[in-house]
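# An overview of the molecular structure
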Amino acid sequence: MSIFRTLARGLIAVVAALVLTACDRGENATATNDDGARDIVVSIAPLAMIAAEIAGTDTPVHTLVRNGDPHHYAPKVTDRATMEKAQLVIWMGPAMESVLARQMALLPEQKQLGLLAAGGYEYEGADAGDPHLWLRPRNAAVMAAHIAGRLAELHPQQAEQYRQRARDFSRAMANLQKVQDRALWAYRDAAVVSTHQAYSQFFGPAGVAVQSLGSSASHQHGARTMLETRKPTENGEQRGCLFGEVPANDRDRQTAAHLNLGYQALDPLGSLLPAGAGYRQLMEQLLTDTRQCLGSIPDRSQ
C-alpha cells in the first residue's frame, strides 16, 4: 500500500505542477496583452490625433502632456514606466520638448520616433526655427507617413493597412490645406503677431507673415518697428491681430492694445477640445478662432 500511496502522491504533485504552470502561462499572457507592450505613447495631443489615424482603433495611444507646456514638460515616474513598456514613443524632438529629451535619451533608438529629425517637411512661408510643424496639414500628412513606416517595421503583417491609412490621411490633408489657405489668403497684408515663435506654419502657406514678439524687449521693439512702417489705418480701423495661447490673459491683451492690435488666444495643442477629437477638428477650431480676430479687419484683397 505504501508503494501505491507514494505513486499517488507523485501523480498529484505532477498534476499540481502542470496546473500551476498553466496558470502562470495564463497570467503571463494576460500581462503581455495588458502591460502596454503594443501601446503607442506620444508627447502632445496633436501627435496623438495623427497617430490614432494611422494605428487604428485596436492600438491604444497615450498622451504625456495633457494640460502643460511641452517645452518644459518632465515625465513623472508613471509616465516613464509607460514609455518604457510602450512599443513606440513618438515626440517632436529637443527643439520642441527640451526637458523630455533627457528621458528620451534613455530609450533605445528603435523604440522612439523623433518627427522633427525624420524630415521631409515644408517650410515655405514659415520660420525655419518654428517647431510647430503639425499646424500645416500637409506636414501632418508627412508625420503620418513617418508613423506608418515605423509601425510597418514593427508589424509587417499590418504594413499595408498602415500605409493605406497614411495615404487616405494625406489626401484629406491636401484638401484641408486648400481650405485653410483660401480662408487666410485675404489677410496676407494684415499685421499678424504671435506672443512667441509659433503659428508661422499655420499662416505661412497662405502668404501671411508672422512676427514673433518672443520674450525679450528686442523682439518686442522689432515688432513695433514692423507695425510702425505699415501704412496708417483710416478711421481707426484695426490693422492686425496678436495671437497668444490659451488661456487668454490680461498681459497679452495689454500688449495687443499697446500695438493697436486685436487679440485672440489660440489652442494649438487642442487642450480645450472634447475627448476623442481628431486632427481635422483641431485645425478647424484654430481657423475659427483665428478668424474671430482677423474677421474684424477690412478685406482689401479686391
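My aim in this report is to walk through the structure given alongside it, one point at a time.

Criteria and thresholds
- Residues numbered from 1 in each chain as written.
- Predicted model: local features only at pLDDT ≥ 70, side-chain atom pairs only at ≥ 80, totals over all residues.
- Heavy atoms only, no water.
- Phe/Tyr/Trp six-rings, centres within 6.5 Å; stacked < 30°, edge-to-face > 60°.
- Helix = DSSP H or I, 4+ residues; strand = E, 2+ residues; numbered from the N terminus.
- Buried < 20%, exposed > 50% of the residue type's maximum accessible area, 1.4 Å probe, protein only.
- Lys NZ or Arg CZ within 6 Å of the ring centre and 35° of its normal.
- Disulfide = S-S within 2.5 Å.
- Contact = heavy atoms within 4.5 Å.
- Pairing = 2+ DSSP bridges.
- Axes fitted to C-alpha atoms, helices over the stretch in contact; angles between N-to-C directions.

Tallied over the full model, the rule gives three aromatic pairs. Ring centres of Phe-169 and Tyr-279 lie 6.0 Å apart, and the angle between their planes is 65°; on these two criteria the pair is classed as edge-to-face. Taken together, the positions of Phe-169 in helix α7 (residues 159-185) and Tyr-279 in helix α11 (residues 279-294) put the pair 110 residues apart, joining distant regions of the chain. For the pair shown, Phe-169 and Tyr-279 are each scored as buried. Connected via pairs of aromatic rings, a cluster forms that spans Phe-202, Phe-203 and Phe-243. Residue placement shows Arg-188 over the ring face of Trp-185; its charged tip is 3.7 Å from the ring centre.

All chains considered together, the criterion is met by one disulfide. Note that Cys-241 is cross-linked by a disulfide to Cys-293, the S-S spacing being 2.1 Å. On the sign convention where negative is left-handed, the bridge of Cys-241 and Cys-293, at about -110° about the S-S bond, is left-handed. Placement of Cys-241 in strand β7 (residues 240-245) and of Cys-293 in helix α11 is noted, with a sequence separation of 52 residues between them. Like Cys-241, the residue Cys-293 is buried in the burial classification.

Our next topic: the side chain of His-132. In this fold, His-132 is placed in the loop between α5 (115-118) and α6 (137-154). Dropping the residues within four chain positions of it, His-132 is found in contact with His-71, Met-96, His-196, Gln-197, Ala-198, Gln-201 and Glu-245.

With that out of the way, let us pick up the sheet that holds strand β6 (residues 210-212). With parallel pairing, four strands are arranged side by side in an open sheet as β6-β5-β7-β8. Every interior strand has two partners, whereas the edge strands, β6 and β8 (262-266), have only one. Put simply, the sheet's adjacent strands are angled 30° from each other on average, direction ignored. The sheet contact formed by strand β5 (residues 191-194) and β7 spans four bridges and is parallel. Of the residues in β7, the one forming a bridge with Ser-194 is Phe-243. Where α11 meets the sheet, its contacts fall on β5, β7 and β8, and the angle it forms with β8 comes to roughly 170°.

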